[in-house]
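Working through the structure, step by step
Each chain, letter by letter, is given below.
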Amino acid sequence: MKPILTIPDFMPLSAEQRAWLQGYYAGMAMQAEMSVSTGSGVSSFAVDILIGTQTGNAEGLAEEMALSLGGAGAQARMHQLDDVEMDALAEMENVLIIASTYGEGEMPDNGHMFWEALESDTAPRLEATKFAVLGLGDTAYDEFCAAGKMLDKRFEQLGAQRIVGRVDCDVDYEDLAAEWSAGVMDVFAPMIAEAAPASGGAVPTAPAASTKSKWTRKNPYSSTLTVNRRLSGPGSKKDIRHYEVALPGDDAPTYEAGDAVNVLPVNDPALVDLWLERLSMKPDTAVPGQDRPLAELMLRDWEISTPSKDFLKMVAMKSGDDELAHVLEHNDKQTLEDYVWNKDSLDLLLDFPKIELDLNEVSTLFRPLQHRAYSISSSSKVHEDSVHMTISTVQYHQNKRLHQGVASGYLADRVGDADRVQVFMSPNKNFRVPEKGDVPIIMVGPGTGVAPFRAFLQERQATGASGGNWLFFGDQTRADDYIYEDELEAMSKDGLLSRLDLAFSRDQEAKIYVQHRMRENGKEMFDWLEQGAHFYVCGDATRMAKDVDEALHALIAEHAGIDEAGARDYVNAMKKAKRYARDVY
């Protein structure tokens with residue numbers, strides 16, 4: 001093989017960029033060698049990449065993997081998990097699985113049906129299949145990368161041959177993902193080279209050029225917060241705000257309705273001061289292995305609010321507290337949540353004033369400060385130079401001080417006119433308005449869950465979509481919690497909103513929620529579904545989204561005249577057709 005191009009050390013690339021480019025160069029060199037030895041630049045070697053994604057990260061990594069494989073001459077085929085039938089899976093010889101974990105150890109929305117089929121007794125044997133799994137997750141959750149682990153184990157149980165070990169990635173996934181990709185390419189490279197030329201002049205499946213923006217978590221876009229407007233009324237128990245971030249010029253990030261905007265927050269300086277006081281350390285204290293002083297690291301680099309498991313273990317060990325030790329030992333999620341309820345990391349440390357920490361301990365106890373993702377509440381077809389967010393400020397009093405959400409408090413109170421905010425976008429191709437404008441849509445988005453549907457409605461209006469638009473919205477009281485009331489009522493009046501059903505739970509003795517409104521209008525909802533309507537849900541995953549899903553199944557069973565199993569099949573068919581999409585958190 002011809003010498004592989006190397007990347008000069010002086011090039012300003014991250015580790016994952018350097019690894020990806022080196023792999024791509026290796027693939028191009030291999031393809032050139034194949035052209036000489038076989039007379040064809042195309043190998044018959046095919047790789048199927050199965051994507052389990054909730055927010056788009058897995059899909060972005062799959063695109064990059066497909067580009068590397070295509071550069072090496074292989075035929076790379078990408079599939080959403082729920083598009084893969086078991087008989088087709090049985091025919092796949094080389095499978096890469098890139099899967100994110102949603103919530104507390106669940107499959108992503110586009111992976112449920114695939115997993116049900118894969119874990120059933122009728123799943124095919126896969127002795128002829130070679131595979132590798134890359135899991136995406138967050139160590140802040142108990143079931144870290146559970147989806148990837150389950151898929152990896154099940155493929156092994158079905159007889160598939162693992163070519164490289166599973167890699168589980170935290171929110172800082174880029175470097176580990178690059179190492180996994182490089183390991184996969186090392187294994188596949190000789191196989192691609194040895195495979196026979198594709199017959200009939202076939203060409204590798206050409207993956208679309210990666211849609212990954214240059215603006216990322218490690219390279220965010222710096223801009224200004226041009227609008228910070230309270231939406232909830234003075235009598236509301238919530239502080240819900242509308243924000244707008246400027247995106248001027250051709251170099252700014254782009255987005256589509258349904259995507260998320262990520263904010264890189266800055267911790268509260270007052271909280272940093274309290275930490276320094278509790279630790280008896282000075283702001284300019286030098287931290288081993290770091291190029292910035294302690295106060296700066298606490299302000300911008302470390303998660304100093306939400307306690308990690310390692311932090312809780314340290315507190316339990318140093319305090320000797322039996323209750324906390326018992327909670328951690330039994331590893332019960334609800335009991336742990338009850339213990340830390342309304343407490344941040346500093347509260348826990350203040351509970352045990354005798355605990356002392358040295359500088360080395362401090363530097364290992366905090367996780368990196370992470371971005372916060374918010375559903376975009378604007379259409380770029382209407383707002384070309386800005387992106388909008390609709391956010392409820394997390395805030396409460398505990399231990400005689402105000403506690404705020406890391407990002408929501410930062411945006412609400414600490415970003416001034418002269419300050420810069422750091423943002424980047426996350427595409428979500430599974431949460432889009434229908435391509436055909438004449439397709440009707442039903443949207444369920446109580447509270448701040450209305451955010452993406454404000455964007456959808458702007459998009460549908462801008463494109464002149466003729467399909468009906470039905471929105472279910474609700475919150476506590478109409479007087480103080482009907483956010484975007486003027487806009488929604490105007491859209492209803494001019495016909496853009498074909499139907500607007502409201503549910504304000506505290507305005508009457510019996511609480512009424514959006515799922516109740518769905519059932520009240522079940523016959524018409526079912527008629528819309530029969531006409532091909534797409535169904536969308538955004539908001540709280542723990543209760544609301546589950547209640548809405550139950551209501552959807554119930555109204556389908558009632559008005560279609562079918563049983564529970566039939567309703568489940570109906571909804572699964574909707575999911576298969578990409579007509580049921582959720583953006584839940």
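Our structure is the block above this text.
So, a few notes on the structure that sits alongside this text. (Residues numbered from 1 in each chain as written. Predicted model: local features only at pLDDT ≥ 70, side-chain atom pairs only at ≥ 80, totals over all residues. Heavy atoms only, no water.)

1. With respect to the environment of Ala 260
Note the cut-off: Numbering goes from the N terminus for both helices and strands, where a helix is a DSSP run of H or I of at least four residues and a strand is a run of E of at least two. Buried means the residue's accessible area, taken with a 1.4 Å probe over protein chains only, is under 20% of the maximum for its type, while exposed means over 50%, and partly exposed covers the values in between. A contact between two residues is defined here by any heavy atoms of the two lying within 4.5 Å.
Tracing the chain through its elements places Ala 260 in strand β10 (residues 260-264). Residue Ala 260 is classed as buried on the basis of its relative accessible area, which comes to 16%. With 95 residues separating them in the primary sequence, Ala 260 and Gly 165 have C-alpha atoms 31 Å apart. Ignoring sequence-local partners within four residues, the contact set of Ala 260 consists of Ala 373, Tyr 374, Ser 375, Ile 376, Phe 424, Met 425 and Ser 426.

2. So, helix α20 (residues 544-560)
Heads up, the condition is: Helix span, expected: 1.5 Å multiplied by one less than the number of residues in the helix.
With 17 residues, α20 ought to run about 24 Å at 1.5 Å a step, and its terminal C-alpha atoms sit 24 Å apart, in line with that. Regarding α20, the residues found buried are Met 544, Ala 545, Val 548, Asp 549, Ala 551, Leu 552, His 553, Leu 555, Ile 556 and Ala 557. Buried residues in α20 make contact with β16 (441-444), α18 (514-520), α19 (522-530), β19 (534-539), α21 (564-576) and β20 (580-584). Looking one or two residues beyond α20, the residue adopting positive phi is Gly 561, at roughly 70°.

3. Some thoughts on empty space enclosed by the protein
Under the convention used in this document: Cavity and pocket criteria rest on a 1 Å grid covering protein atoms alone: a 1.4 Å probe that fits but cannot get out defines a cavity, protein on both sides within 12 Å along at least 5 of 7 lines defines an open pocket, and an atom within 4 Å of a point defines a lining residue. Grid points are joined across faces, edges and corners, and a volume is the space filled by probe spheres set on the points. The classification used treats Ala, Val, Leu, Ile, Met, Phe, Trp, Tyr, Cys and Pro as nonpolar, Asp, Glu, Lys and Arg as charged, and all other residues, Gly among them, as polar.
In this structure the tally under the stated criterion is 1 cavity of 30 Å³ or more. Here the largest cavity is characterised by a volume of approximately 30 Å³. Taken together, Glu 303, Thr 306, Pro 307, Ser 308, Phe 311, Ser 345, Leu 365, Phe 366 and Arg 367 make up the lining of the largest cavity. Taken together, the residues that form the lining of the largest cavity break down as 4 nonpolar, 3 polar and 2 charged.

4. Details of the sheet that holds strand β18 (residues 499-504)
Strands belonging to one sheet form pairs held by backbone hydrogen bonds; the direction of such a pair is parallel or antiparallel. Here is the rule: At least two DSSP bridges between two strands are needed for those strands to be called paired. Interaxial angles span 0 to 180 degrees and are taken between N-to-C directions of axes, which are lines fitted to C-alpha atoms, for helices over the stretch in contact.
Taken together, the 5 strands give an open sheet; going across it, the order is β18-β17-β16-β19-β20, and neighbouring strands pair in parallel fashion. Edge positions in the sheet fall to β18 and β20, since each has one partner strand and no second. Neighbour to neighbour, the strand axes of the sheet diverge by 10° on average, direction disregarded. Relative to β19, β16 is paired through 4 bridges, and the arrangement is parallel. Counterpart to Ile 442 in the pairing with β19 is Phe 535. Against the sheet, helix α15 (residues 451-463) touches β16, β17 (469-475), β19 and β20, its axis set at about 155° to β16. Each of β16, β19 and β20 touches α20; the most contacted strand, β19, lies at about 155° to it.

5. Some points on the nonpolar core
Soluble globular proteins: nonpolar side chains tend toward being buried together. The condition is simple: The definition of a nonpolar core used throughout is a set of buried Ala, Val, Leu, Ile, Met, Phe, Trp, Tyr and Cys residues joined through side-chain atoms within 4.5 Å.
By size, the foremost hydrophobic cluster in this structure holds 61 residues, and its most contacted members are Trp 275 and Met 298. Ranked by size, the runner-up nonpolar core spans 31 residues in total, among them Val 514, Val 537, Ala 541 and Met 574.

6. Brief notes about the packing of aromatic side chains
Here is the rule: Pairing of aromatic rings covers Phe, Tyr and the six-membered ring of Trp, with a centre-to-centre limit of 6.5 Å; geometry is then stacked below 30 degrees between planes, edge-to-face above 60, and tilted otherwise. For a Lys NZ or an Arg CZ to count as sitting over a ring, it must be within 6 Å of the ring centre and within 35 degrees of the ring normal.
Tallied over the full model, the rule gives 20 aromatic pairs. With centroids separated by 6.1 Å and ring planes inclined at 40°, the aromatic side chains of Phe 431 and Phe 453 adopt a geometry described as tilted. In this pair, Phe 431 is assigned in the loop between β15 (421-426) and β16 and Phe 453 in helix α15, connecting sequence segments 22 residues apart. Taken as a pair, Phe 431 and Phe 453 share a single burial class, namely buried. Lys 343 extends its terminal NZ or CZ atom over the ring of Tyr 339, reaching a point 5.0 Å from the ring centre.

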